[in-house]
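Examining the three-dimensional arrangement
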Amino acid sequence: MAARDQPGDGWTVVLRRQPSRIGQGRPEAGYTDAFEIICCDCGDHPDQDYSEVAAELQRIRGPYSIADGVAAYEKHLELHRQPARCQHRTMTDAG
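Presented here is a report on the structure given in the accompanying data block. From a predicted model like this one, the values you see are computed outputs, not experimental measurements.

Side chains of a nonpolar character, in soluble globular proteins, are inclined to be buried together. Among the nonpolar cores identified, the biggest contains 12 residues, and these are Val13, Leu15, Phe35, Ile37, Cys39, Val53, Leu57, Ile60, Tyr64, Ala72, Tyr73 and Leu77. Of all elements in the fold, only β1 (13–23), β2 (26–39), α1 (55–61) and α2 (66–81) reach the threshold of two or more residues within this core. Residues in contact with cysteine 39, not counting those within four places in the same chain, are Thr12, Val13, Asp44, His76 and His80.

Below you can see the structure in the form of structure tokens.
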């Protein structure tokens, strides 16, 4: 798991304690007991509050208990490690 504060520090996916609220890109009012996955590769950004991201990103974020969060984090990393599969056929494939 990454322990960095900002994307660009070498990470794109992180499991972090869920802030109670984010204001001006920073946690405000402390943290909850839940954890969330932030995946920049999926279009998420750690400066956005849970309520500000799309429903698909909310599903990725969680919230999770720590044990469930670690399992979901590892599963999410595996999704990004799978080779990309071409969804379209070329003219030579059309036969």
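Turning next to unusual backbone geometry. Both trends apply: most residues other than glycine have a negative phi, and most peptide bonds are in trans. Omega for the peptide link from glycine 62 to proline 63 comes to 20°, which places this bond in the cis form. Relative to the elements of secondary structure, proline 63 occurs in the loop between α1 and α2.

Quick look at the pairing of β1 now. The buried fraction of β1 is high, at 8 of 11 residues. Turn length for the β1-β2 hairpin, with the two strands adjacent in sequence and antiparallel, is 2 residues, and the turn residue glutamine 24 shows positive phi of about 55°.

So, about the side chain of histidine 76. Tracing the sequence through the fold places histidine 76 in helix α2. The contacts of histidine 76, once residues within four sequence positions are left out, are Val13, Cys39, Cys42 and Ile60.

Quick look at the state of the cysteines now. Applying the stated criterion to the full structure yields 0 disulfides. Take cysteine 39: it sits in no disulfide, and the sulfur closest to it among the cysteines is that of cysteine 42, at 3.5 Å. Looking at the unpaired cysteine 40, the closest cysteine sulfur is the one in cysteine 39, lying at 6.9 Å. A residue is classified by how much of its surface remains accessible, and cysteine 40, at 22% relative accessible area, is partly exposed.

Cut-off values and rules
- Residues numbered from 1 in each chain as written.
- Predicted model: local features only at pLDDT ≥ 70, side-chain atom pairs only at ≥ 80, totals over all residues.
- Heavy atoms only, no water.
- Core = buried A, V, L, I, M, F, W, Y, C linked by side-chain atoms within 4.5 Å.
- Buried < 20%, exposed > 50% of the residue type's maximum accessible area, 1.4 Å probe, protein only.
- Helix = DSSP H or I, 4+ residues; strand = E, 2+ residues; numbered from the N terminus.
- Contact = heavy atoms within 4.5 Å.
- Pairing = 2+ DSSP bridges.
- Disulfide = S-S within 2.5 Å.

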